[in-house]
Amino acid sequence: MRHAWKPTTPAEMYDRALLYAHDSRLPADCPRPHPTADWPPENIALLEEYVDWLGSGGLSPAVIRNIYLPMAGHVLGLALKPHPQLDLETDLQPALDFLKAKQLCAQWMNICRCSILRFRRFLMHRRGLVESKITHYEPEPHTQGMPDWVVSELTRYQHVQQRNWREARLDHQIRSFWSYHLRMWRYLCEQCGVHELADVKRKHLLDFIDLRLDAKYSISGINADIRYFHSFLSFLREQGYEVPLALLRLPGLKQPDSLPKFLTDAQVRLLRDDIESHVCLVQGFRQKRDALLDRAAFYLLWQSGLRLGEVEELRLEDLDLEQRKFTVRQSKGLKDRTVFMTDTTVLGLQEYLAVRGVGPTDHVFLFRNQPLCKDLVRGRLKAVGERVGVKIYPHRLRHTAATQLVNAGCRITSIQKFLGHKELSTTMIYARVHDQTVADDYYTAMSQVEKRLDLLSTPVETQELLGESERYQLLDITTQLAVLELSAKKRLELVMQMRKVLVGKEAGQIAYVLPVPEMAVSRFS
């Protein structure tokens, strides 16, 4: 009995797939990919390298064999030139044209297009190129009808501010810059008829604030609009514009003096246990690697108090696992700082790095052979929180780390350096969450209050503590004390007898009874 031939190498897999690639619907003049026998030898080696790269990114062998490998083979089989000579802008198009000629459905065509783009990414990585996350932002569609001088000066101001923005968040920062500034200036130009800086009046700004409040926008968002407007006015003033001081002195709205939102120890335990159990229970290489990524990022955000952007931008060269520390480069304010790790965090990183895979850069965290994209960790953490019923986002773990350090008695100046705060007042917010001195004073004072309340209730308890004979003795003494003609000396003797009955019976529990002072004698005369 003859067994069907099973391809074992990537080249054999592609040749097998090529047998099914020819279609009667193809036009006669449509170029067709060549089998690997016609390829340059280095391209066959490249295909094998590509398959390994895809596997390190977590893709299953079936997906690689049926989708990604054939698309890469079509590119190489149509180009028929050594891969270093491939033009990444033009030599991929023939493969797309070949697929279009086969009249595939729109869904499958989209899958093939994404597969070819993945092969392009691999070639870029191999050549030491990194895909830019920055997309060109053109403000012109959003500035229609605004004075040219405003748009021109805002563009100049953006370039000045851009020097202080981290490259990883540059695209986000540029879009936020224009969003905040244009919100105020579009209102001034469209609603208030402003054409020159001198046309801007304080009343216009107050009306803008009222409009935003009526629309139920948050106070923090309105204050951000005011801050952005003030910063741009300060820039214009430096450029020689006449800026009325009344515009610069406009105060922001009073914001609630809220405390940072942190997790309780019980909530942290729920999150940790779920993440740890997920690492143990998941099956498959890709699922295991993603679970290890979640765990390592969780411990860095919680136990090391990192910001989300600092986790995304962490580099291998900055890790010192042996000394349990690493360096955060150009964080908020473009400042470097040293951050420490617990043994748990170090172990989490070591186990993740063992399955991390390869990428175009030395970022610690990769996802599908690429540095983490924005908000990937945020979304995965949110999913963990939903599983255990805890509302969680990355910065809340940073708040939790700071609060727990304060609770444990760590010096506030050490926490300031650990978190990378420029001002000590920022760190002191966490001291307000848990001030041990205030707590100690409160519990000491309240224990005294409760003790006094216990003492006031003692006479009721005393009646239960006295026997029948003692109660009769006290009744007899009080009857004698009621005699008006009784001498002071006799009254004092009766009081001492009463004291003897009480103290002699339960001295330790009737502590409220005090010695009769000498001056009390005059009251009995």
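Our structure's up above, just so we're on the same page.
From a predicted model like this one, the values you see are computed outputs, not experimental measurements.

Undergrad: Any chance you could explain the pattern of salt bridges here in plain terms?
TA: Two side chains bearing opposite charge may form a pair once their charged atoms approach each other closely. In this structure the tally under the stated criterion is 22 salt bridges. The salt bridge partner of Arg-289 is Asp-290, with a shortest N-O separation of 3.2 Å. Taken individually, Arg-289 and Asp-290 each receive the classification buried, so the pair is uniform in this respect. When the shortest N-O distance is used, the salt bridge between Arg-329 and Asp-336 registers 3.5 Å. Among the residues examined, Asp-336 registers a relative accessible area of 43% and is labelled partly exposed.

Undergrad: Before we go on, may I ask you to explain the pairing of strand 3 (residues 337-340) in this structure?
TA: A regular strand carries its side chains on alternate faces of the sheet. Only one face of strand 3 is buried: it carries Arg-337 and Val-339, and the other face, with Thr-338 and Phe-340, is open. Pairing geometry for strand 2 (residues 325-328) and strand 3, over four bridges, is antiparallel. Bridged to Thr-327 within strand 3 is Thr-338.

Undergrad: How should the sheet that holds strand 3 be read in this particular structure?
TA: Whether parallel or antiparallel, the strands of a sheet pair through hydrogen bonds between backbone atoms. The strand order 1-2-3 describes an open sheet built from three strands, whose pairing is antiparallel. Edge positions in the open sheet fall to strand 1 (319-320) and strand 3, since each of these has one partner strand only.

Undergrad: What's the story with helix 3 (residues 61-79) in this structure? I'm lost.
TA: Turn by turn, an α-helix covers 3.6 residues, leaving residues three or four places apart pointing in a common direction. Between its first and last C-alpha atoms helix 3 spans 26 Å; for 19 residues at 1.5 Å apiece the expected length is 27 Å, and the two agree. Of all the bends in helix 3, the greatest, near 35 degrees, is centred on Tyr-68, and the proline Pro-70 appears no more than four residues after it. Note on helix 3: the residue one or two positions beyond its end, Leu-80, has a positive phi of about 50 degrees.

Undergrad: Hey, could you run me through the packing of helix 7 (residues 170-191) against helix 8 (residues 202-214) in this one?
TA: The relative placement of two packed helices comes down to the angle between their axes together with the axis-to-axis distance. Axis separation between helix 7 and helix 8 bottoms out at 11 Å; the angle between their running directions is 115 degrees. Where helix 7 crosses over helix 8, the handedness of that crossing is right-handed. Across the interface between the two elements, Arg-183, Met-184, Tyr-187 and Leu-188 of helix 7 pack against His-204, Leu-205, Asp-207, Phe-208, Leu-211 and Arg-212 of helix 8.

Undergrad: Explain the pairing of strand 2 here, please?
TA: Note that strand 1 and strand 2 share two bridges and pair antiparallel. Within strand 2, the position partnered with Leu-319 by the bridge is Phe-326.

Undergrad: In this structure, what is going on with the environment of Pro-61? I would like to understand it.
TA: Topologically, Pro-61 is positioned in helix 3. For Pro-61, a relative accessible area of 62% gives the class exposed. A C-alpha to C-alpha distance of 8.8 Å links Pro-61 and Val-51, two positions 10 residues apart in sequence.

Undergrad: Looking at this structure, how should I read the packing of aromatic side chains?
TA: Describing an aromatic ring pair means giving the distance of the ring centres and the angle of the ring planes. Taken as a whole and assessed by the stated rule, the structure comprises 22 aromatic pairs. Arranged with centres 6.2 Å apart and planes meeting at 25 degrees, the rings of Phe-119 and Phe-122 form a pair that is stacked. With Phe-119 and Phe-122 both in helix 5 (residues 106-126), this residue pair falls three residues apart, about one helical turn. The two residues Phe-119 and Phe-122 agree in class, both being buried.

Analysis parameters
- Residues numbered from 1 in each chain as written.
- Predicted model: local features only at pLDDT ≥ 70, side-chain atom pairs only at ≥ 80, totals over all residues.
- Heavy atoms only, no water.
- Salt bridge = Lys/Arg side-chain N within 4 Å of Asp/Glu carboxyl O.
- Buried < 20%, exposed > 50% of the residue type's maximum accessible area, 1.4 Å probe, protein only.
- Helix = DSSP H or I, 4+ residues; strand = E, 2+ residues; numbered from the N terminus.
- Pairing = 2+ DSSP bridges.
- Expected span 1.5 Å × (residues − 1).
- Bend = angle between axes of the 7 residues up to and from the residue.
- Axes fitted to C-alpha atoms, helices over the stretch in contact; angles between N-to-C directions.
- Left-handed = near helix turned anticlockwise from the far one by under 90°.
- Contact = heavy atoms within 4.5 Å.
- Phe/Tyr/Trp six-rings, centres within 6.5 Å; stacked < 30°, edge-to-face > 60°.

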